[in-house]
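# Understanding the architecture of this molecule
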Amino acid sequence: MIIAEELVSSFGEHEMFTAVESVKGYINFRLSEQFLNEYAEWALSHEDAFGRSDTTEKILLEFVSANPTGPLHIGHARGAVYGDTLLRLGRRLGYDITAEYYVNDAGNQIDLLGLSIQLEGQSAVLNMTVEWPEKYYRGEYMTLLAEDASQKFGADILTNASRQRELALWAKDRVMELIIEDLAAANIHFDTFVSESSLYDDWDRVMGKMGDGVYEDDGKIWIRSTEHEDEKDRVVVREDGRPTYLAGDIVYHNQKFEQGFEHYINIWGADHHGYINRVKAAVEFLGHDSKRLEILLSQMVSLLKDGEPYKMSKRAGNVILMSDIVEEIGSDALRFIFASKKSDTSLEFDVEELKKQDSSNPIYYINYAHARIQTILSKSDLTEDTIMASELMGLNADGDALLFEALLLPEVIDDAFHSRQVQKLTDYLKSLSARLHKFYYDYRIIGTEDEAKMLKLFVMVAISLRTGLSMMGITAKDRM
RNA sequence: CUCCUCAUCGCUUAACUGGAUAAAGCAGGGCCCUCCUAAGGCCUAGCUCGAGGUUCGAGUCCUCGUGGGGAGACCA
């Protein structure tokens, strides 16, 4: 505490601060109005650059990557929203980020997709009696795919077992289109799609690159992942020569490192947790620094209905689709809800609760703050020039505090991105909105002496709100 | 059985990464529109799972326990 006091006295006079004081061993700095005013002046005239840093680092961000066997369900939405918010935050800061979707279009699931469509088609389109196997995909979209396939290729495609593969390959492209639509409805867009099946051509070369990292035993090829903290070595090529899923992932990650990104971020569902070590091991064997590969886990979403656990099952057909929720509550509300939660806590929510579109959703609170600003601006008789020509000086303490918080946005964006915790942004927006609402309630604006500068202050707040919301793929409302 | 992860008002979540009196929203009780949208503001009540430990200082770090979720495939 004594040290703090000595430090304070050594600061003396500095034009950036009006006051430096020692409180209980902490040092409080009070920024001067000149400083806030100049910073705001800059932000107002450089809205697009407000929040930008000087980085130009190239990053690859891979997320969602749900299997192309069905439309996205509500569980996928969390990772999608989380990833897209990070993407927007990073881009705002100036990072050169590529958003990539890894399409798992190889392996058993594709065979299963073909089989499922045939069975569904035989049952629903051709009215045949079918014997359902233990595992298969089902849902409304399966019927539609079967109908389309039958139209396009003839009914033979639904009954001829030798055409399953042809059917599956056609169907997975159709399903990808559905997925892309689901994402677009929530304002999520990808730059690149990498197909798993296209990677295996490169397998021999990549395997060679790993050198002693792989070995042959028992007729199979294994990776020495135990050398990198995995519990056991993993098979990468089966006895019959077919590569495993891991092989595809190894080629995929090698490709990323060869493409020269400086940093790689993958967002996986928490159920893939045990997979991290083996992928990192492969990256090391390939001669790359696995520290540049960052794997973020998005925890599971568990659903409740009327307080009871609600299990989604593709077989039972009670899957809650992302598109249904988007349609019901809107993309903005959905995104806000998911972005508000730390990604590493498992999230529980009630389906009915989610569907309630009322003021309990903070998105309305923030939009209302933005809309109030627009309304009051349009009600004022002052011209834009008059407002902008005023100086943000001599505001009362609440005004200064509001201005300060509005100018904090760049810090928040930086912090939210680098800590990978997007809820910091939603917290900030809630807090800024609360301060705006209170200020609005406490002080009359129109017709007062300080009208111009208070409106200018509001314009600044609106910029921060609008920019913050845009980081979440939400367009601020001018009217409620 | 082993490993990972989480646990904060009645409910859903925050807490500047080890710092100041733990904070919001819903739900509960009460108050405020002759005044720029009351989709707002203000009161009020209520919280760190348990036991140890490290530290000037712990919701945050360590150990053990309890309780949820996940993983332990030559499925993806």
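An account of the accompanying structure is given in this report. (Residues numbered from 1 in each chain as written. Chains lettered and ligands numbered in written order. Predicted model: local features only at pLDDT ≥ 70, side-chain atom pairs only at ≥ 80, totals over all residues. Heavy atoms only, no water.)

## Structural notes on the packing of aromatic side chains
By the definition in use, this model includes 17 aromatic pairs. Seen from their ring centres, F63 and F190 are 4.6 Å apart, and the 35° between their planes marks the pair as tilted. With F63 in the loop between β3 (58-62) and α3 (74-93) and F190 in the loop between α7 (164-185) and β5 (192-195), this pair connects stretches of sequence that are 127 residues apart. The interplanar angle of 25° and the centroid separation of 4.3 Å between the aromatic rings of Y102 and Y252 together place this pair among those described as stacked. Here Y102, found in strand β4 (residues 96-103), pairs with Y252, found in helix α9 (residues 245-258); they are 150 residues apart in sequence, far enough to count as distant. Across the pair, exposure class does not vary: Y102 and Y252 are buried alike. (Phe/Tyr/Trp six-rings, centres within 6.5 Å; stacked < 30°, edge-to-face > 60°. Helix = DSSP H or I, 4+ residues; strand = E, 2+ residues; numbered from the N terminus. Buried < 20%, exposed > 50% of the residue type's maximum accessible area, 1.4 Å probe, protein only.)

## Considerations on helix α5 (residues 140-153)
With 14 residues, α5 ought to run about 20 Å at 1.5 Å a step, and its terminal C-alpha atoms sit 20 Å apart, in line with that. All of the buried residues in α5 are Y141, M142, T143, L145, A146, A149 and S150. Along its buried surface, α5 packs onto α4 (108-125), α6 (156-159) and α7. (Expected span 1.5 Å × (residues − 1). Contact = heavy atoms within 4.5 Å.)

## With respect to the environment of R138
As for its position among the elements, R138 is in the loop between α4 and α5. The exposure class assigned to R138 is partly exposed, which follows from its relative accessible area of 34%. Between the alpha carbons of R138 and S116 there is a distance of 7.2 Å; along the sequence they are 22 residues apart.

## Remarks on the sheet that holds strand β9 (residues 263-269)
The strand order across the open sheet formed by five strands is β5-β4-β3-β9-β10, and the pairing between neighbours is parallel. Of all strands in the sheet, those bounded by a partner on one side alone are β5 and β10 (293-298). This sheet shows a mean twist of 25° between the axes of neighbouring strands, independent of strand direction. Direction of pairing for β3 relative to β9: parallel, over a ladder of four bridges. In the strand pairing of β9, E62 is matched with N266. (Pairing = 2+ DSSP bridges. Axes fitted to C-alpha atoms, helices over the stretch in contact; angles between N-to-C directions.)

## Considering the environment of M128
Inspection of the secondary structure assignment puts M128 in the loop between α4 and α5. Residue M128 is classed as partly exposed on the basis of its relative accessible area, which comes to 39%. On a C-alpha basis, the gap between M128 and N277 in space is 47 Å, while along the polypeptide they are 149 residues apart. Residues within four places of M128 in sequence aside, it is in contact with Q122, S123 and T159.

## Digging into a negative patch on the surface
Residues E140, D324, E327 and E328 make up a contiguous surface patch of negative charge. In terms of residues, the negative patch owes the most to one element, helix α11 (residues 322-329), which gives three residues. Here E140 is to be found in helix α5. (Patch = residues over 30% accessible without salt bridge, like charges linked within 9 Å, V, L, I, M, F, W, Y side chains within 5 Å. Areas by Shrake-Rupley, 256 points an atom, 1.4 Å probe, with all protein chains shown as cover. Salt bridge = Lys/Arg side-chain N within 4 Å of Asp/Glu carboxyl O. Lys, Arg positive; Asp, Glu negative; His and termini not counted. Charge placed at Lys NZ, Arg CZ, Asp CG, Glu CD.)

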